[in-house]
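So the chains spell out like this:
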Amino acid sequence: MTRKIFRQTVNFNLNQSPKIHGIGDWMNFEDRVTMILEIEEFQLDDFLFSVTYIVQDMEKDVLPHEVFSTPSYHESTVFVSIYDKTDETINQLRVGRTYNHQGYVYKILEFTHVEFQNDELSIGFSVKPISPIHPKKLKEKRLHYKREQSNFTVLSHSPKRQRT
């Protein structure tokens, strides 16, 4: 039994100016027509570019209860970065990792497209911002942590009353 949705890695030779498939494109795989649902990851090694896709077998029926409804209000920021294809930092871009942009930190949620333009690679990805803790809250947390580490116990001490 074959699955309706599965992972597929495709290798592209950079010497042939490859057309990288994007989300929503279809491609043939082992005599099956598949549609690309997501770009999971990619790897650049010398003259070989490998892309791992999440694909759906278009010849298998999809039942209504198998489809998730996605809320339309959930939109994330999308960045597009241009890299020289000899740039070694390309292989560090991964879903779930952080990406620094203009002094802010973002987490990569998914890749939206990968495209070659001459000797450059255009990579699009959606991100969510990683927000630091507010300084006042951070100070409170730090003091609480230090108290726990020191194991000091504060005892209430009332002065003795004088007898008259």
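Check the entry above for the structure.
A few points on the structure. Every value quoted in this text rests on a predicted model; they were computed, and no experiment measured them. (Residues numbered from 1 in each chain as written. Predicted model: local features only at pLDDT ≥ 70, side-chain atom pairs only at ≥ 80, totals over all residues. Heavy atoms only, no water.)

Moving on: the overall build of the protein chain. Counting its regular elements, the protein chain contains one helix and eight strands. Along the protein chain, from the amino end to the carboxyl end, the secondary structure elements read β-β-β-β-β-β-β-β-α. The burial tally for the protein chain puts 26% of its 164 residues in the buried class. Partitioning the intrachain contacts of the protein chain with sequence separation of at least 6 by distance along the chain shows that 55% fall at a separation of at least 24. (Helix = DSSP H or I, 4+ residues; strand = E, 2+ residues; numbered from the N terminus. Buried < 20%, exposed > 50% of the residue type's maximum accessible area, 1.4 Å probe, protein only. Contact = heavy atoms within 4.5 Å.)

A few words now on the pairing of strand E4 (residues 48-57). When a strand is regular, its side chains alternate between the sheet's two faces. With eight of 10 residues buried, E4 lies mostly within the body of the structure. When strand E1 (residues 5-13) meets E4, the two strands line up antiparallel, connected through nine bridges. Counterpart to Thr9 in the pairing with E4 is Thr52. Looking at chain direction, strand E3 (residues 32-45) and E4 are connected through 10 bridges and run antiparallel. Each bridged residue has a counterpart across the sheet, and for Met35 the counterpart in E4 is Gln56. What sits between E3 and E4 in their antiparallel hairpin is a turn of two residues, with Asp46 showing a positive phi close to 50°. (Pairing = 2+ DSSP bridges.)

With that settled, consider helix H1 (residues 135-150). Taking 1.5 Å as the rise per residue, H1 with 16 residues should run 22 Å; its terminal C-alpha atoms sit 22 Å apart, in good agreement. The first or second residue beyond H1 is Asn151, which carries a positive phi of 55°. (Expected span 1.5 Å × (residues − 1).)

Right, let's talk about the side chain of Arg94 for a bit. Mapped onto the fold, Arg94 is located in the loop between strand E5 (77-84) and strand E6 (98-101). With no salt bridge to any partner, buried Arg94 finds its closest opposite charge in Glu41, at an N-O distance of 4.2 Å. A distance of 2.7 Å separates the side chain of Arg94 from the backbone oxygen of Phe42, its partner in a polar contact. Within the structure, Arg94 has its side chain in polar contact with the backbone oxygen of Asn91 (distance 3.4 Å). (Lys, Arg positive; Asp, Glu negative; His and termini not counted. Salt bridge = Lys/Arg side-chain N within 4 Å of Asp/Glu carboxyl O. Polar contact = N/O pair within 3.5 Å; in protein donor to acceptor, adjacent residues only side chain to side chain.)

Turning our eyes to something else, we now look at a nonpolar patch on the surface. A grouping of Val78, Val80 and Ile82 is seen on the molecular surface, where their side chains present a nonpolar patch of about 250 Å² in accessible area. According to the relative accessible area criterion, Val78 is partly exposed, its value standing at 47%. (Patch = residues over 30% accessible without salt bridge, like charges linked within 9 Å, V, L, I, M, F, W, Y side chains within 5 Å. Areas by Shrake-Rupley, 256 points an atom, 1.4 Å probe, with all protein chains shown as cover.)

Right, let's talk about the side chain of Ser126 for a bit. Mapped onto the fold, Ser126 is located in strand E8 (residues 120-130). For Ser126, a relative accessible area of 3% puts it in the buried group. Not counting residues within four places of it along the chain, the set of residues in contact with Ser126 comprises Ser76, Thr77, Val78, Lys107, Ile108, Leu109, Glu110 and Thr112.

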